Amino acid sequence: MTDKELSQRAKDYFAQIRKTDRLIKRLTDTVFTLRSSLTSQSYELNPDKVQTSGPKNTLEETVAKIVDLEADINRRIDELVDMKQEAFTMINRIPDLDQQNILIGRYIQLKKWEDIALELNFSIQWVYELHGKGLLAFSQANSEFFRNREKQSATA
């Protein structure tokens, strides 16, 4: 594999963490919106009117949706924690500590490039360069993992 392909393989692996994190945020926002809709609706009780078939109980439906979404969010959070732990273990196989710091900051802590550069007291250009080297080192240090992963996806 070329260096570019090795780097892309590492980026694709790390992208799953970011995608899962974004999905959790979107689902959490959806729960927030549903909860807000519960408090913004006004319910009026009119005992004088009798309806045999009326609208469904939207309050109950909304609460049920919230409960289901929260259960899904919790499952996804567990997956995200496992993904980050696995990535952290794999990053620790890289001998260069600066590269480790950059990869952890970017892909586990999901920080912006500028924040990583500021924390490490590096220029942004140097962070980019170390990041590229770190991706290569990550892919090479975990080549067995990626080979097994490719075999699994080929048989699936």
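Position labels on residues start from 1 in each chain and follow its written sequence. A pLDDT threshold of at least 70 governs which residues receive local features in this predicted model, and a stricter bar of 80 or more applies before side-chain atom pairs are shown or counted, although totals over entire chains, interfaces and linings include all residues. Calculation of side-chain values draws on the structure's entire complement of heavy atoms; hydrogens and water are dropped beforehand.

## Considerations on the overall build of the chain
Helical segments are the DSSP runs of H or I of at least four residues, strand segments are the runs of E of at least two, and each set is numbered from the N terminus. Helix and strand counts for the chain come out as six helices and zero strands. Traced from its N-terminal end to its C-terminal end, the chain shows the element sequence α-α-α-α-α-α. Think of it in three bands: with a 1.4 Å probe and only protein chains considered, a residue is buried below 20% of the maximum accessible area for its type, exposed above 50%, and partly exposed in between. A total of 156 residues make up the chain; the buried ones form 30% of that total. Of the contacts formed within the chain by residues at least 6 apart in sequence, a portion of 73% connects residues at least 24 apart. The contact criterion used is simple: two residues touch if any of their non-hydrogen atoms lie within 4.5 Å.

## Some remarks on helix H4 (residues 113-120)
Residue pairs spaced three or four apart in an α-helix point in one direction, given the helix's 3.6 residues per turn. Taken residue by residue, H4 has Trp 113, Ile 116 and Ala 117 as its buried positions. Mapping the buried residues of H4 onto a view down its axis gives an arc of 100°, with all of them on the same face. The exposed set on the far side of H4, more than 90 degrees from its buried face, consists of Leu 118 and Glu 119. Those residues of H4 that are buried lie in contact with helix H3 (97-108) and helix H5 (124-141). In the stretch just after H4, Asn 121 is the one whose phi turns positive, near 60°. The arc in question is traced by the directions running from the helix axis to the C-beta atoms.

## Considerations on the packing of aromatic side chains
To pair, rings of Phe, Tyr and Trp, with the six-membered ring standing in for Trp, must have centres within 6.5 Å; the planes then decide the type, stacked if under 30 degrees apart, edge-to-face if over 60, and tilted in the middle. Tallied over the full model, the rule gives nine aromatic pairs. Centre to centre, the rings of Trp 113 and Tyr 128 are 5.4 Å apart; their planes meet at 80°, and the pair counts as edge-to-face. Of the two residues, Trp 113 sits in helix H4 while Tyr 128 sits in helix H5, which places them 15 residues apart along the sequence.

## Remarks on a negative patch on the surface
To count toward a patch, a residue needs a relative accessible area over 30% and no salt bridge; like charges are then connected within 9 Å, while nonpolar side chains (Val, Leu, Ile, Met, Phe, Trp, Tyr) are connected within 5 Å. Calculation of accessible area relied on Shrake-Rupley with a 1.4 Å probe; when residues are assessed, cover is drawn exclusively from the protein chains displayed. By convention in these notes, a salt bridge is any Lys or Arg side-chain nitrogen within 4 Å of a carboxyl oxygen on Asp or Glu. Neither His nor the chain ends is counted toward charge; the positive residues are Lys and Arg and the negative residues Asp and Glu. For this purpose, a charge sits on NZ of Lys, CZ of Arg, CG of Asp or CD of Glu. Residues Asp 78, Glu 79, Asp 82 and Glu 86 make up a contiguous surface patch of negative charge. Looking at the element boundaries, Asp 82 is found in helix H2 (residues 58-91).

## Digging into the packing of H3 against H5
A pair of packed helices is characterised by two quantities: the angle between their axes and the separation of those axes. Across the interface, H3 lies against H5 with an axial gap of 9 Å and an inter-helix angle of 95°. Of the possible angle classes, the one that applies to H3 and H5 is roughly perpendicular. Taking contact as the criterion, the partners of Asp 98, Gln 99, Ile 102, Leu 103 and Tyr 107 in H3 are, on H5, Val 127, Leu 130, His 131, Lys 133, Gly 134, Leu 135, Ala 137 and Phe 138. When residue character is reported, Ala, Val, Leu, Ile, Met, Phe, Trp, Tyr, Cys and Pro are called nonpolar, Asp, Glu, Lys and Arg charged, and the others, Gly included, polar. Of the residues belonging to the contact of H3 with H5, the class tally is eight nonpolar, three polar and two charged. Angular values range over 0 to 180 degrees, each being the angle between N-to-C directions of two axes fitted as lines to C-alpha atoms, with helices fitted over their stretch in contact. Throughout this description, any angle smaller than 35 degrees is read as roughly parallel, any larger than 145 degrees as roughly antiparallel, any in the 65 to 115 degree range as roughly perpendicular, and the remainder as oblique.

## Re the nonpolar core
Tyr 13, Phe 14, Ile 91, Leu 103 and Phe 138 are the most contacted members of the largest nonpolar core, which has 25 residues in total. When residues of this core are assigned to their parent elements, the largest contribution, nine residues, is made by helix H1 (residues 3-40). When near neighbours in sequence (up to four residues on either side) are disregarded, Phe 138 contacts Ala 10, Tyr 13, Phe 14, Ala 87, Met 90, Ile 91, Ile 94, Leu 103 and Phe 146. The term nonpolar core refers to a set of buried residues drawn from Ala, Val, Leu, Ile, Met, Phe, Trp, Tyr and Cys, joined through side-chain atoms within 4.5 Å.

## Digging into a nonpolar patch on the surface
On the surface, Leu 59, Val 63 and Val 67 cluster together into a nonpolar patch covering about 220 Å² of accessible area. Looking at the secondary structure, you find Leu 59 in helix H2.

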